[in-house]
Amino acid sequence: MWIALTREVSPTLGACELTHLARDPIDVARARRQHVAYEEALGSLGCEVNRLPPLPDHPDAVFVEDTALVLPEVAVVLRPGAASRRGETASVAKALPAWRPTLALEGPGSVDGGDLLALGKTVYVGRSGRSDEAGAEELRRQLVPWGYRVERVALSGCLHLKSAVTRVGPETLLLNPAWVDPAPFASWQRIEVAPEEPHAANALRVGELLLYPEAYPATRRRLEAAGCRVLPLDLSELAKAEGAVTCCSLLFEA
Ligand code: GLY
């Protein structure tokens, strides 16, 4: 059984944090419809969707991925790099012990979940403006006793590590080599995004299927040519908030 933790789109989404995008007015009602369709897609794939309590005064609260890392053995509540987002973690800290022993970063460092890519027993941490050395080091100290190693990965031009690379198959990653150096992932098969679609590296793998933005048809063709099964979704309003498919849930096996 797969669990997906989500949170409804806040009415304040238009005041979200933005790092690499210019502010473009967001149609919040449309963002909500897109988000509900995303939750329904997760449900149709057999996930039990659990909505966290709404946080209307937190513009980015829909992007729950940034608040925690959930591994098969343990969960870690994170400390988001943007001060405006720190209030998003309390309800996640309350929810996660139902499924995992739950640790928490104390700070002063910070780590956003969007910067974390767990591949087997390695957790890659993007060197972004959100995830600093102190945060990565605290995460390392917490995960080593659970048998994990933590490796930092350089980024350029994007918000998070998972803006640049995500897992799309048992042995395959989808990656934008302009934003992340492929070298740390040399043992993996790689599909590169179409050059005209730099934002296309973020896919959400649910079992054998990928939830994927319909905005990236050229990269989708590359995925399908490689044998991936893709369920396209319109997430255009959430994309204006620098959010993508992985950002909108914490997905893990019960
Ligand atoms: N708006 C998504 C973020 O910056 O955290």
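1. Comments concerning the sheet that holds strand β5 (residues 102-104)
- The three strands lie next to each other as β3-β4-β5, forming an open sheet whose pairing is mixed. This sheet does not close on itself; its edge strands, each paired only once, are β3 (68-70) and β5. For this sheet the average axis-to-axis angle between neighbouring strands, irrespective of direction, equals 15°.
- With three bridges joining them, β3 and strand β4 (residues 75-77) adopt antiparallel strand pairing.

2. Focus: the pattern of salt bridges
- In this structure the tally under the stated criterion is 17 salt bridges.
- Note that Arg 30 is salt-bridged to Asp 234, the shortest N-O span being 3.2 Å. Here Arg 30, found in helix α1 (residues 28-44), pairs with Asp 234, found in the loop between β14 (229-233) and α6 (236-240); they are 204 residues apart in sequence, far enough to count as distant.
- Shared partners join several salt bridges into a network, and the residues in it are Glu 8, Arg 32, Glu 39 and Arg 51.

3. Some points on the side chain of Asp 112
- Along the chain, Asp 112 falls in the loop between β5 and β6 (116-119).
- Polar side-chain contacts of Asp 112 include one of 2.8 Å to the side chain of His 160.
- In contact with Asp 112, other than residues within four places in its own chain, are Asp 66, Leu 78, Pro 80, Gly 81, Arg 130, Ser 131 and His 160.

4. A few points about the site of the ligand
- Every residue close to the ligand is listed here: Glu 17, Asp 60, Phe 63, Arg 85, Arg 130, Leu 159 and Ala 241.
- Between the ligand and the protein, one listed contact pairs an oxygen atom with a side-chain N or O atom of Arg 130 at 2.6 Å.
- Ala 241 places a main-chain nitrogen or oxygen 2.6 Å from a nitrogen atom of the ligand.
- A breakdown of the residues in the shell around the ligand according to their chemical character gives three nonpolar, no polar and four charged.

5. Topic: the environment of Gly 107
- Looking at the secondary structure, you find Gly 107 in the loop between β5 and β6.
- The sequence separation of Gly 107 and Cys 16 amounts to 91 residues, and the corresponding C-alpha distance is 23 Å.

6. Some thoughts on the sheet that holds strand β12 (residues 204-206)
- Across the sheet, which stays open at both edges, the three strands sit in the order β12-β13-β14 with mixed pairing between neighbours. Edge positions in the sheet fall to β12 and β14, since each has one partner strand and no second. The average undirected angle you get between the axes of adjacent strands in this sheet is 30°.
- Both β12 and strand β13 (residues 209-213) contribute to a ladder of three bridges, which runs antiparallel. Of the residues in β13, the one forming a bridge with Arg 205 is Leu 210.
- Of the strands in this sheet, β12, β13 and β14 are in contact with α1, which crosses β14 at around 155°.

7. So, α1
- In a regular helix each residue adds 1.5 Å, so 17 residues correspond to 24 Å; α1 covers 24 Å between its end C-alpha atoms and thus fits that length.
- Every buried residue of α1 is accounted for by Val 28, Ala 31, Gln 34, His 35, Tyr 38, Glu 39, Ala 41 and Leu 42. In an axial view of α1, the angular spread of the buried residues amounts to 155°, which keeps them on one side of the axis. Facing away from the buried side of α1 by more than 90 degrees, the exposed set consists of Arg 33, Glu 40 and Ser 44.
- The N-terminus of α1 is capped by Asp 27, whose side-chain oxygen sits 3.2 Å from the backbone nitrogen of Ala 29.
- Gly 46 lies just past α1 and shows a positive phi near 95°.

Cut-offs applied
Throughout, residues of each chain are indexed from 1 in the direction in which the sequence is written. The predicted nature of this model means local features are confined to residues of pLDDT at least 70 and side-chain atom pairs, given and counted, to a pLDDT of 80 or more, with totals for whole chains, interfaces and linings taken over all residues. Values shown for side chains rest on all heavy atoms present in the structure; no hydrogens or waters enter the calculation. Strands pair, by our definition, only if DSSP identifies at least two bridges between them. For helices the rule is a DSSP run of H or I covering at least 4 residues; for strands it is a run of E covering at least 2, with both sets numbered from the N terminus onward. Axis definition: a line fit to C-alpha positions, over the contact stretch in the case of helices; interaxial angles, taken between N-to-C directions, run 0 to 180 degrees. We define a salt bridge as a side-chain nitrogen of Lys or Arg found within 4 Å of a carboxyl oxygen belonging to Asp or Glu. For this analysis, a polar contact is any N or O atom pair within 3.5 Å, provided that within protein one partner can donate a hydrogen and the other can accept it, and provided that sequence-adjacent residues contribute only side-chain to side-chain pairs. Throughout, a residue-residue contact means that at least one pair of heavy atoms, one from each residue, lies within 4.5 Å. For this purpose, a residue is taken to be near a molecule or strand whenever a single non-hydrogen atom of the residue falls within 4 Å of it. Charged means Asp, Glu, Lys or Arg here, nonpolar means Ala, Val, Leu, Ile, Met, Phe, Trp, Tyr, Cys or Pro, and polar covers whatever is left, Gly included. The span one expects for a helix is its residue count, reduced by one, times 1.5 Å. Partly exposed residues are those whose accessible area sits between 20% and 50% of the maximum for their type, while under 20% is buried and over 50% is exposed, using a 1.4 Å probe and protein chains only. This arc describes the spread of directions from the helix axis toward the C-beta atoms.

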